[in-house]
Amino acid sequence: MKHAGIIGMVCLLAGLFTSCLKDKNNYVELPPAALITVINASPDSQPLDFFLDHNLVNSIPLRYGHIIDYSRAYTGARVASFYVSDTQQKIVADTISLDENKYYSLFLSNSASTPDVMLLNDTLSKPAAGMAAVRFVDLSANAPAVDLDIQGGTVLAANKGYKSYTPFISTEGDKSITLEVKQAGTNTVLVSLSNITLQSGSIYTIWLHGLTGVTDQTKLALDIQRNAFY
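What counts, and at which threshold
Residues numbered from 1 in each chain as written. Predicted model: local features only at pLDDT ≥ 70, side-chain atom pairs only at ≥ 80, totals over all residues. Heavy atoms only, no water. 1 Å grid on protein atoms, 1.4 Å probe; cavity = no way out; pocket = protein on both sides within 12 Å on 5 of 7 lines; lining within 4 Å. Points joined across faces, edges and corners; volume = space filled by probe spheres on them. Nonpolar A, V, L, I, M, F, W, Y, C, P; charged D, E, K, R; others polar. Phe/Tyr/Trp six-rings, centres within 6.5 Å; stacked < 30°, edge-to-face > 60°. Helix = DSSP H or I, 4+ residues; strand = E, 2+ residues; numbered from the N terminus. Buried < 20%, exposed > 50% of the residue type's maximum accessible area, 1.4 Å probe, protein only. Contact = heavy atoms within 4.5 Å. Pairing = 2+ DSSP bridges. Axes fitted to C-alpha atoms, helices over the stretch in contact; angles between N-to-C directions. Core = buried A, V, L, I, M, F, W, Y, C linked by side-chain atoms within 4.5 Å. Salt bridge = Lys/Arg side-chain N within 4 Å of Asp/Glu carboxyl O.

> Help me understand the layout of surface pockets in this model?
Where empty space is left becomes clear once a probe the size of a water molecule has been rolled over the atoms. Roughly 150 Å³ of internal volume is contained in the largest pocket. Lining the largest pocket, in full, are V57, N58, S59, I60, P61, L62, R63, H66, I67 and I68. Class assignment for the residues of the lining of the largest pocket results in six nonpolar, three polar and one charged.

Structure representation (structure tokens):
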């Protein structure tokens, strides 16, 4: 699944929130930490650098439609900033609050001239046996309200507009499906994503991004991120 950021739960629980590290014969206490993943859904953005306060988070430029996988971040009030990569040109900055041992997704959306930043708390609870969990986030600034369906089956989200989202919802795992975004309350399919397998024990974010009424690389698109697996 392209651009998918994944946390293996063994690593997540045993490593990234470790409270101390051994340094020679001594234990060094680490400060409280959260984990944050960053998604660039701003369709006309140039490649970007993402900072928390003065700390650069990404190792390669963050392009439209791409993700920075979960990174360890100090807790408390942090200034989240996006710059055009390798420049001093700031796109947007916003103060966010991160709590210890919590997981977050931060989305950059809308056009580069009027950018929006949205922070969501990621509740990465283990799905029931044979099930996966999915969340839908609408990041298309000019699309009408939409529904998200599994073709021929379950409605995963209904009447969602820009910057709205669902909680993580349980759905059957380990079968191939097609996801369809429809104009809310109609059978008009705006965009789809075919041959997706939601693996049992995995947790996903499905995100709508791009623009209606265009045919270039900024056109309406649907992507999926696997946040974690058990």
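> Could you clarify how one ought to interpret the packing of aromatic side chains in this entry?
Aromatic rings considered in pairs are described by the distance between their centres and by the relative angle of their planes. Applying the stated criterion across every chain, the model contains two aromatic pairs. An angle of 45° between the planes, with centres 4.9 Å apart, marks the rings of F50 and F82 as tilted. Pair noted here: F50 is in strand β5 (residues 48-52) and F82 is in strand β8 (residues 76-84), with a separation of 32 residues, a long-range link. Both residues of the pair, F50 and F82, belong to the buried class. Between F51 and Y83, the ring centres sit 5.4 Å apart and the planes meet at 75°, which makes this aromatic pair edge-to-face. Here Y83 lies in strand β8 and F51 lies in strand β5, a separation of 32 residues in the sequence. A residue is classified by how much of its surface remains accessible, and Y83, at 18% relative accessible area, is buried.

> What am I meant to see in the environment of A145 here?
Looking at the element boundaries, A145 is found in the loop between β12 (131-138) and β13 (146-150). Since its relative accessible area comes to 29%, A145 is described here as partly exposed. Along the sequence, A145 and K182 sit 37 residues apart, while their C-alpha atoms lie 8.6 Å from each other. Those residues within four positions of A145 in sequence are excluded, and the remaining contacts are N159, K160, G161, K182, Q183 and A184.

> What should I look at first to understand unusual backbone geometry in this one?
Most peptide bonds are trans, and most residues other than glycine sit at a negative phi. Backbone geometry at D53 places phi at a positive 55°, although glycine is not the residue there. With relative accessibility at 31%, the residue D53 sits in the partly exposed group. In this model, D174 sits at a positive phi of 65°, which is unusual for a non-glycine residue. Along the chain, the position of D174 falls in the loop between β15 (169-172) and β16 (176-183). A relative accessible area of 52% places D174 in the exposed class.

> Hey, could you run me through the sheet that holds strand β7 (residues 67-74) in this one?
The strands that make up a sheet pair up through hydrogen bonds in the backbone, lying either parallel or antiparallel. The four strands lie next to each other as β7-β4-β10-β11, forming an open sheet whose pairing is mixed. In this open sheet, the two strands that pair with only one neighbour each are β7 and β11 (116-122). Averaged over all adjacent pairs, the angle separating strand axes in this sheet is 25°, with direction ignored. Bridge count between strand β10 (residues 103-109) and β11: seven bridges; the pairing is antiparallel. Residue pairing for β11: Y103 is matched across the bridge by D122.

> Whenever I open this one, the environment of L139 confuses me. Can you help?
Structurally, L139 is set in the loop between β12 and β13. C-alpha of L139 to C-alpha of L108: the two residues are 31 residues apart in sequence and 8.6 Å apart in space. With sequence-adjacent residues up to four places away left out, L139 is seen in contact with A41, F107, S109, M118, Y162, W207, L208 and H209.

> What is the right way to look at the nonpolar core in this model?
One recurring pattern in soluble globular proteins: nonpolar side chains tend to sit buried together. In terms of nonpolar packing, the biggest core is built from 22 residues, with F136, L148, L179, I206 and L222 touching the most fellow members. Within the residue set of this core, elements represented by two or more residues are β12, β13, β14 (155-160), β16, β17 (189-197), β18 (202-209) and β19 (221-229). Setting aside residues up to four positions removed in sequence, I206 forms contacts with V134, R135, F136, V137, L148, L156, L179, L222, D223 and I224.

> Which parts of the structure should I look at to understand the pattern of salt bridges?
A side chain with one charge may pair with a side chain of the opposite charge, provided their charged atoms come close. Tallying each qualifying case throughout the model produces five salt bridges. Taking the shortest distance from any N to any O, the salt bridge between D122 and R135 comes out at 2.9 Å. You can see D122 sitting in strand β11 and its partner R135 sitting in strand β12, a full 13 residues away along the chain. Here R135 falls in the buried class, since its relative accessible area comes to 3%. For K175, the salt bridge goes to E172, with nearest N and O atoms at 3.4 Å. Given a relative accessible area of 39%, K175 falls into the partly exposed group.

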